[in-house]
Amino acid sequence: MDPLQIFLIILVIAGIFALVELGLLFKKSRAVVEEVSKNANDTIEQMQPIIQKVDGMMDDLQPAVKQVQPLLDKAGTAVDVATVDMASLNDILSDVSTMTNTASNVTTTVSKVADNTANSVAGVIGKISGRGKGAPQQKLEGETAPASAEEPAPQKEEPAKNASQGYVTYDENNSDEKSAE
């Protein structure tokens with residue numbers, strides 16, 4: 001026997017062995033494919049009710065989806081109206097602030113007028129009670145009030161060093177009379 005014949009015999013045996021292995025591989029592959037196919041069919045059968053439910057939910061959601069855009073439009077309009085209302089509120093608060101400042105100024109003015117009126121009335125009462133009989137009043141420290149309205153208290157002569165410590169009060173009407181003379 002020739003080595004070429006031996007090689008051909010070994011090659012034929014290897015080919016037969018490869019065909020047998022290939023047949024077994026196809027048989028196992030077919031079993032695996034059938035198992036995968038069976039599992040896929042089972043899964044698809046189980047998914048059918050879920051798919052039908054999702055389809056039904058989508059059908060139920062269609063009217064709601066159609067109403068979303070008008071709702072968004074209304075929400076945008078509401079936001080615009082709220083913005084305008086906030087601007088109006090800002091203007092109103094500005095007006096209230098202005099009115100409050102004006103009222104404060106009026107109150108201050110009325111208070112000053114009342115103080116001036118009270119001071120004038122006190123001056124008139126002072127004249128009526130005998131304090132303002134033509135001569136300006138002087139009040140120094142340590143001077144006591146007159147014993148009666150008819151008798152003025154004697155005025156003390158103070159040295160020049162104490163004169164700076166006291167103060168002199170002139171009645172407005174008497175000072176006008178002096179300047180007129």
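Residues numbered from 1 in each chain as written. Predicted model: local features only at pLDDT ≥ 70, side-chain atom pairs only at ≥ 80, totals over all residues. Heavy atoms only, no water.

### Considering the overall build of the chain
When helices and strands are counted, the chain shows three helices and two strands. Of the regular secondary structure in the chain, the N- to C-terminal order runs α-β-α-β-α. Counting only residues that meet the buried cut, the chain has 3% of its 181 residues in that class. Here the analysis covers contacts within the chain between residues at least 6 apart in sequence; of these, 59% occur between residues at least 24 apart. With the model as given, the accessible surface of the chain reaches about 15,800 Å², and the carbon-plus-sulfur share is 63%. (Helix = DSSP H or I, 4+ residues; strand = E, 2+ residues; numbered from the N terminus. Buried < 20%, exposed > 50% of the residue type's maximum accessible area, 1.4 Å probe, protein only. Contact = heavy atoms within 4.5 Å. Areas by Shrake-Rupley, 256 points an atom, 1.4 Å probe, with all protein chains shown as cover.)

### Examining helix 1 (residues 3-128)
Given a rise of 1.5 Å per residue, 126 residues ought to cover 188 Å, yet the end C-alpha atoms of helix 1 are separated by just 163 Å, more than 12% below that figure. Most pronounced at Gln62, the bend in helix 1 amounts to some 35 degrees, and the proline Pro63 follows within four residues. (Expected span 1.5 Å × (residues − 1). Bend = angle between axes of the 7 residues up to and from the residue.)

### Quick word on a nonpolar patch on the surface
A cluster of nonpolar side chains, namely Met47, Ile50, Ile51, Val54, Met57, Met58, Leu61 and Val65, defines an oily patch on the protein surface of about 730 Å² accessible area. By relative accessible area, which is 40% here, Val54 ends up partly exposed. (Patch = residues over 30% accessible without salt bridge, like charges linked within 9 Å, V, L, I, M, F, W, Y side chains within 5 Å. Salt bridge = Lys/Arg side-chain N within 4 Å of Asp/Glu carboxyl O.)

### Some words on the confidence of the model for the chain
Here the chain averages 78 in pLDDT, and 72% of its residues register 70 or above. Predicted confidence for residues 133-143 stays below pLDDT 50, and this span has 23 contacts to residues more than four positions away or in other chains. Every residue in residues 156-164 scores below 50 in pLDDT, and together they form four contacts with partners more than four places removed in sequence or on other chains. (pLDDT = per-residue confidence, 0-100.)

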